[in-house]
Amino acid sequence: MHTNQVYRERVTVNNGSHKWWHHRWFKIIGIFVIILIVFAVILALLLNFVVLAPDKSETSTTPATSSSPPQTTTTTTTKKSEWSVTGNMNNVRRDHTASVLLNGKVLITGEEGISNIILNSAELYDPSTGTWTTTSNITNIRYDYTASVLLNGKVLVIGGEGINNNALNTAELYDPSTGTWTTTSNLTDAREWHTASVLSNGKVLVTGGIAGNSAELYDPSTGIWTTTGNMIQERAHHTASVLSNGKVLVTGGGLINYLNSAELYDPSTGTWATTGNMTNIRVYHTASVLLNGKVLVTGGDDINNIVLNSAELYDPSTGTWKTVGNMANARYTHTASVLLNGKVLVTGGYNGNYLDSSELYDPSTSTWTTTSNMTNTRSDHTASVLSNGLVLVTGGFDGSSVINSAELYQ
Ligand SMILES: *[C@@H]1O[C@H](CO)[C@@H](O)[C@H](O)[C@H]1NC(C)=O
Ligand SMILES: *[C@@H]1O[C@H](CO)[C@@H](O)[C@H](O)[C@H]1NC(C)=O
Ligand SMILES: *[C@@H]1O[C@H](CO)[C@@H](O)[C@H](O)[C@H]1NC(C)=O
Ligand SMILES: *[C@@H]1O[C@H](CO)[C@@H](O)[C@H](O)[C@H]1NC(C)=O
């Protein structure tokens, strides 16, 4: 066994020396393979750190960019429109009314359709489907009236101008549960270009218009109108805002003279008192009660028929006004809506040109930023904040036609 082993070793050695070339080739191939492996490793390292490096840094930059909030927000705002189209109304309409019902639907009524025809039709927008359905017609054909959602959910349509160009003393109620209209008692004074405000006690305060400085109250529980204190000044095309303290702030407007003045109605006494003057005379402007209780007034027309881009803020605690940043565009016959986040969205209107632009007021900075343009140019349109926070904008005049399109701001 022992010998055998030695012999074998010898044989092996002999074998080896005998297959010397084979052994050498094996070594050469081995070295070549090692060189190949080293080369492959170097190549792999080169690929990894040089060729693939930009890819790697891109991939690591991308998450860094998307996790950096300001950059992402800027990109989204500039690229994606805040506006999207929704279903068209059945009728083209301008100077119409839009009322957000307690069930979340929006009731649109009147006013002017194609060829200046005054509409008595009404339709409902369903935010869950984005579609419109017709509902019963208003009983009396009217324009330049108001529509107010009462605390009981019904909608009160007040006054306006009739087909014989007479101011109306009639009022009617829409009941969303039946989809029908019923007349309610007559106003004390016939009115158009007036304001109507639902007070915290549920009564409706109606002020001015063609009836001058008179004011009256509707009581939904009795369906009866009673006069209340006269305003200090005659006002039409003015604004009226219910403040968080229950008082009503009336601003600007005018029947013969256009006004910069403002006055406050106290529901507990039924009387009016002057408060600070606005900086500007304003007619066809907007007034919005902010979440902080202050009132933002925007745009409108002044005494020289100059359309205003200015805005001012009323502070109920001091009874004074202060100007805030100017809007990018002068506007009247525009809309202003307080969003759920407290910002104010201003849309469209007219300043010599019909506008498709919209802008946002931020109460925390008192400044305006331009948003993306609406899909349509609109003046004499409506804007309603839906319960889901979106803003429904409907109809209006686009500079050449009365339109039936509607769009949503998000
Ligand atoms: C509303 O009135 C118009 C005419 O002004 C009529 O064509 C239409 O059928 C009426 N709609 C309803 C729902 O009664
Ligand atoms: C309301 O006024 C109208 C005229 O605008 C009149 O025809 C109607 O009879 C009045 N209604 C009541 C109940 O007095
Ligand atoms: C408000 O302005 C009117 C003029 O438009 C002026 O007569 C009045 O005195 C002013 N009132 C206050 C409180 O400044
Ligand atoms: C909006 O449209 C107007 C023209 O109507 C254009 O001048 C303006 O640049 C647009 N603004 C934006 C933010 O797209």
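Predicted, not measured: the structure shown is a model, and the values here were computed from it.

### What about the overall build of the protein?
Check the secondary structure of the protein and you find four helices and 28 strands. Counting only contacts in the protein whose residues sit at least 6 apart along the sequence, the fraction spanning at least 24 positions is 44%.

### Concerning unusual backbone geometry
Here the residue pair G110 and E111 is connected by a cis peptide bond, since its omega of -20 degrees sits within 30 degrees of zero. Mapping E111 onto the fold places it in the loop between β3 (106-109) and β4 (122-126). In this structure, N305 is a non-glycine residue whose phi angle is positive, near 60 degrees. On the secondary structure map, N305 appears in the loop between β19 (295-298) and β20 (311-315). Here the phi dihedral of S366 falls at roughly 60 degrees; this positive angle occurs in a residue that is not glycine. Within the element layout of this structure, S366 appears in the loop between β24 (358-362) and β25 (367-370).

### Thoughts on the nonpolar core
Inside soluble globular proteins, nonpolar side chains tend to come together where they are buried. Ranked by size, the top nonpolar core spans 55 residues in total, and within it L156, V157, I158, V206, V297 and V393 carry the most contacts. For this core, the leading source of residues is strand β7 (residues 155-158), giving four residues. The residues contacting V393, other than those within four sequence positions of it, are T347, M374, R378, H381, T382, A383, A406, E407 and Y409.

### Considering the site of ligand 4
In the vicinity of ligand 4, the residues found are D356, S357, T370, S372 and N373. When the residues that make up the shell around ligand 4 are grouped by side-chain class, the tally is no nonpolar, four polar and one charged.

### What to know about the environment of S81
Positionally, S81 belongs in the loop between α4 (69-79) and β1 (83-86). Taking the C-beta count within 10 Å as the criterion, S81 has 14 such neighbours and is therefore assigned partly exposed.

### Topic: the pairing of strand β22 (residues 335-338)
In this sheet, strand β23 (residues 344-347) lies alongside β22 in antiparallel orientation, the contact comprising four bridges. Among the inter-strand pairings, S337 is bridged to a residue of β23, identified as L345. Taking the residues that link successive antiparallel strands as the turn, the β22-β23 hairpin has five residues, and the phi of G342 there is positive, at about 95 degrees.

### Topic: the pairing of β24
Strand direction decides the pairing type here: β23 and β24, joined by four bridges, are antiparallel. Residue pairing in the sheet places V346 in a bridge with E359 of β24. Pairing of β24 with β25 involves four bridges; the strand directions are antiparallel. In the strand pairing of β25, E359 is matched with T370. In sequence, β24 turns back onto β25 through a hairpin of four residues, with S366 there showing a positive phi of about 60 degrees.

### Points about the sheet that holds β7
Pairing is antiparallel across the open sheet formed by four strands, whose spatial order is β6-β7-β8-β9. Among the strands making up the open sheet, the edge pair consists of β6 (146-149) and β9 (180-184). Direction aside, the axes of adjacent strands within the sheet are offset by 25 degrees on average.

### Quick look at the sheet that holds strand β11 (residues 204-207)
The four strands are arranged β10-β11-β12-β13 in an open sheet whose pairing can be described as antiparallel. Every interior strand has two partners, whereas the edge strands, β10 (195-198) and β13 (224-228), have only one. Strand-to-strand, the axes of this sheet are offset by a mean angle of 25 degrees, without reference to chain direction. As defined by bridge partners, strand β12 (residues 215-219) adjoins β13 across five bridges and the pair is classed as antiparallel. Bridge pairing in β13 links E216 to T227.

### Quick word on the environment of V248
Along the chain, the position of V248 falls in strand β15 (residues 248-251). Along the sequence, V248 and S197 sit 51 residues apart, while their C-alpha atoms lie 8.1 Å from each other. With residues near it in sequence (within four places) discarded, V248 still touches S197, L205, A240, S241, V242, L264 and Y265.

### Thoughts on the confidence of the model for the protein
Should the pLDDT be low somewhere, the predicted coordinates at that spot are not to be read in detail. Looking at the protein as a whole, its pLDDT mean stands at 87, while 81% of the residues score no less than 70. Between residues 1-21, whose pLDDT stays under 50, and residues either more than four places distant or in other chains, the model counts one contact. With pLDDT under 50 throughout, residues 45-77 is counted as low confidence; its partners more than four residues away or in other chains account for four contacts.

### A few points about the environment of G160
Within the secondary structure, G160 is located in the loop between β7 and β8 (171-175). The spacing of G160 and T146 is 14 residues in sequence and 7.3 Å in space, taken between C-alpha atoms. Beyond its immediate stretch of four places on either side in the chain, G160 contacts R142, Y143, D144, Y145, L168 and E192.

Basis of the calculations
Residues numbered from 1 in each chain as written. Chains lettered and ligands numbered in written order. Predicted model: local features only at pLDDT ≥ 70, side-chain atom pairs only at ≥ 80, totals over all residues. Helix = DSSP H or I, 4+ residues; strand = E, 2+ residues; numbered from the N terminus. Contact = placed C-beta atoms within 7 Å. Core = buried A, V, L, I, M, F, W, Y, C linked by C-beta atoms within 7 Å. Buried ≥ 20, exposed ≤ 12 C-beta atoms within 10 Å, placed from the backbone. Near = placed C-beta within 6 Å. Nonpolar A, V, L, I, M, F, W, Y, C, P; charged D, E, K, R; others polar. Pairing = 2+ DSSP bridges. Axes fitted to C-alpha atoms, helices over the stretch in contact; angles between N-to-C directions. pLDDT = per-residue confidence, 0-100.

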